[in-house]
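Architecture and fold: a report
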Amino acid sequence: MILVLGGAGYIGSHVAKLLRKRNIPHVIADNLEKGHRSACGESAFVQVDIRDANDIHDCVSSLKPEGVMHFASYISVGESMKQPDNYIANNFGGSKNLLNAMAETGVKKIIFSSSAAVYGEPDEIPISEDHTMNPTNTYGQTKKDVEELLQDFGSRNLVRSVSLRYFNAAGADPEGELGEDHRPEEHLIPIAIDAAVGRRSELTVFGNDYETKDGSCIRDYVHVMDLAEAHLLAWESLEDETRLPVRTYNLGSENGFSVFEVIEVVEQVTGLKVPYKIGERREGDPATFVASC
Ligand code: UDP
C-alpha cells in the first residue's frame with residue numbers, strides 16, 4: 001500500500017486517481033488546509049498534518065505503507081518570500097518529520113515532489129539535473145533542503161528515494177472529475193481561462209520586454225496526467241534494488257511556450273478573447289525555463 005501524502009491537492013489527487021484506475025492499493029493523507037476532500041474520490045482517506053511529528057509518526061506506524069508519495073507542501077513562490085517561516089516549517093520541517101517517522105518504522109521508499117525552483121536563474125537551457133542548484137526564493141530553497149535530507153537518509157541506507165523536479169504542471173483529468181483549484185489562483189493557465197470566461201476582469205502579463213521571441217516569459221508546461229504516469233514509473237523503479245538509492249529527475253516536456261502563446265491557445269480552445277494588460281515583471285522570474293528530461 002502506498003501512502004499518498006497531500007493527495008487532496010492538485011498533482012496528488014491526479015496521481016491518486018491513476019492509482020485507483022490501476023487498482024494499486026493506497027491511502028490518501030492530507031491536512032485539508034489547501035486540499036479538497038472532494039478530490040479524493042473513493043480512495044481511503046485520513047486527516048494528518050506533517051508539521052505534527054507525533055501525528056505523522058502515528059499515521060505511518062499504524063498504516064505501515066510500503067512507501068510514500070509525498071506531495072504535501074505549500075507551493076506559492078511569492079508567499080514563501082513573505083512567510084518564509086511557514087514554508088520552512090511545513091515544507092522542510094514536515095518532510096523531516098515524515099522521514100524520521102519512516103526511518104523509525106522501517107518504511108523505505110519515497111517519491112518526493114521537488115521543483116524546478118531548486119535551480120534558480122538558469123545558466124543554460126535546457127536545464128539538466130546536474131545544473132547547479134541556486135534557488136532564488138524560499139519555496140525553492142525548501143525543496144533543495146529536502147532533497148539534501150533525502151541524500152542523507154539514502155547514504156545511511158534508511159530510505160530509498162526518487163525526487164521529481166516538476167516544471168510547470170498544467171492541465172486536468174481528461175474525464176473532468178478533477179482539476180486545478182488553488183485559492184488564490186496564481187498560475188497562468190487557470191487565470192487566462194478565468195479571464196476568457198469572465199470570472200476575472202483581465203490577465204496581467206508579467207513583462208513583455210524579456211529577451212525572448214515575443215518579449216514574454218517562456219516556460220515548460222507539462223500535463224498533470226503525464227506527471228501522474230511518471231510517478232507510477234518512479235514507483236516501479238524504486239522496487240528495483242539494483243538502482244541507485246537516491247535519484248532525481250526533471251519532469252518537463254522539453255518544449256517552451258511564451259505567455260502570449262498560452263493566451264493564443266486559450267483563445268483558440270475557448271473561442272473567447274482573453275482580456276489582458278501588460279504589467280511589471282514579476283520578481284525572480286527568469287526569461288526562459290525549459291527542462292532537459
Ligand atoms: N504569468 C503572467 N501572469 C500571471 C501569472 C503568470 O504573466 O497572472 C507568467 C509568469 O511570469 C510566468 C508564466 O506566466 O512566466 C508561468 O507562471 P506561473 O505562475 O503559472 O508558474 P511559474 O513559472 O511561476 O512556476
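An account of the accompanying structure is given in this report. None of these values were measured; they are calculated from a predicted model. (Residues numbered from 1 in each chain as written. Predicted model: local features only at pLDDT ≥ 70, side-chain atom pairs only at ≥ 80, totals over all residues. Heavy atoms only, no water.)

1. Structural notes on the pattern of salt bridges
Two side chains that carry opposite charge are able to pair once their charged atoms sit near each other. For the coordinates displayed, the defined rule picks out 20 salt bridges. We note a salt bridge from K109 to E66, for which the minimum N-O separation is 2.9 Å. Of this pair, K109 sits in strand β5 (residues 109-115) while E66 is found in the loop between α2 (53-63) and β4 (67-70), placing the two residues 43 residues apart along the sequence. Classification of K109 by relative accessible area gives buried; the value is 11%. You can call E66 partly exposed: its relative accessible area is 39%. Taken together, the shared-partner salt bridges connect K17, K21, D173, E175 and E177 into one network. (Salt bridge = Lys/Arg side-chain N within 4 Å of Asp/Glu carboxyl O. Helix = DSSP H or I, 4+ residues; strand = E, 2+ residues; numbered from the N terminus. Buried < 20%, exposed > 50% of the residue type's maximum accessible area, 1.4 Å probe, protein only.)

2. Here's the deal with helix α5 (residues 138-155)
Taking 1.5 Å as the rise per residue, α5 with 18 residues should run 26 Å; its terminal C-alpha atoms sit 26 Å apart, in good agreement. Considering only its buried residues, α5 is in contact with α3 (77-82), α4 (84-105), β5, β6 (160-166) and β11 (246-251). With its phi angle positive at about 60°, N157 sits one or two positions after the end of α5. (Expected span 1.5 Å × (residues − 1). Contact = heavy atoms within 4.5 Å.)

3. Some points on the site of the ligand
The ligand sits among 15 residues. The nearest are L188, T204, F206, R282 and D285. Note that an oxygen atom of the ligand is positioned 2.6 Å from one of the side-chain N or O atoms of D285. For the shell around the ligand, the secondary structure elements donating two or more residues are α6 (188-197) and β8 (203-206). Broken down by element, the shell around the ligand gets its largest block of residues, four residues, from β8. (Near = heavy atom within 4 Å. Polar contact = N/O pair within 3.5 Å; in protein donor to acceptor, adjacent residues only side chain to side chain.)

4. What to know about the sheet that holds strand β12 (residues 257-258)
Taking strand neighbours across the sheet as the criterion, the three strands line up as β12-β9-β14 in an open arrangement whose pairing is mixed. This sheet does not close on itself; its edge strands, each paired only once, are β12 and β14 (288-289). (Pairing = 2+ DSSP bridges.)

5. Remarks on the sheet that holds β6
In spatial order, the strands read β3-β2-β1-β4-β5-β6-β11; together these seven strands make up an open sheet with parallel pairing. Taken across any chain shown, the strands that pair with only one partner, and hence form the sheet edges, are β3 (44-47) and β11. Mean inter-strand twist for the sheet, computed between neighbouring axes without regard to direction, equals 20°. Bridging between strand β1 (residues 2-5) and strand β2 (residues 26-30) involves four bridges; their strand directions are parallel. The residue bridging L3 from the neighbouring strand is V27, located in β2. Contacts from α2 reach β1, β2 and β3, with the element oriented near 155° to β1. (Axes fitted to C-alpha atoms, helices over the stretch in contact; angles between N-to-C directions.)

Just geometry here; none of it tells us what the structure is for.
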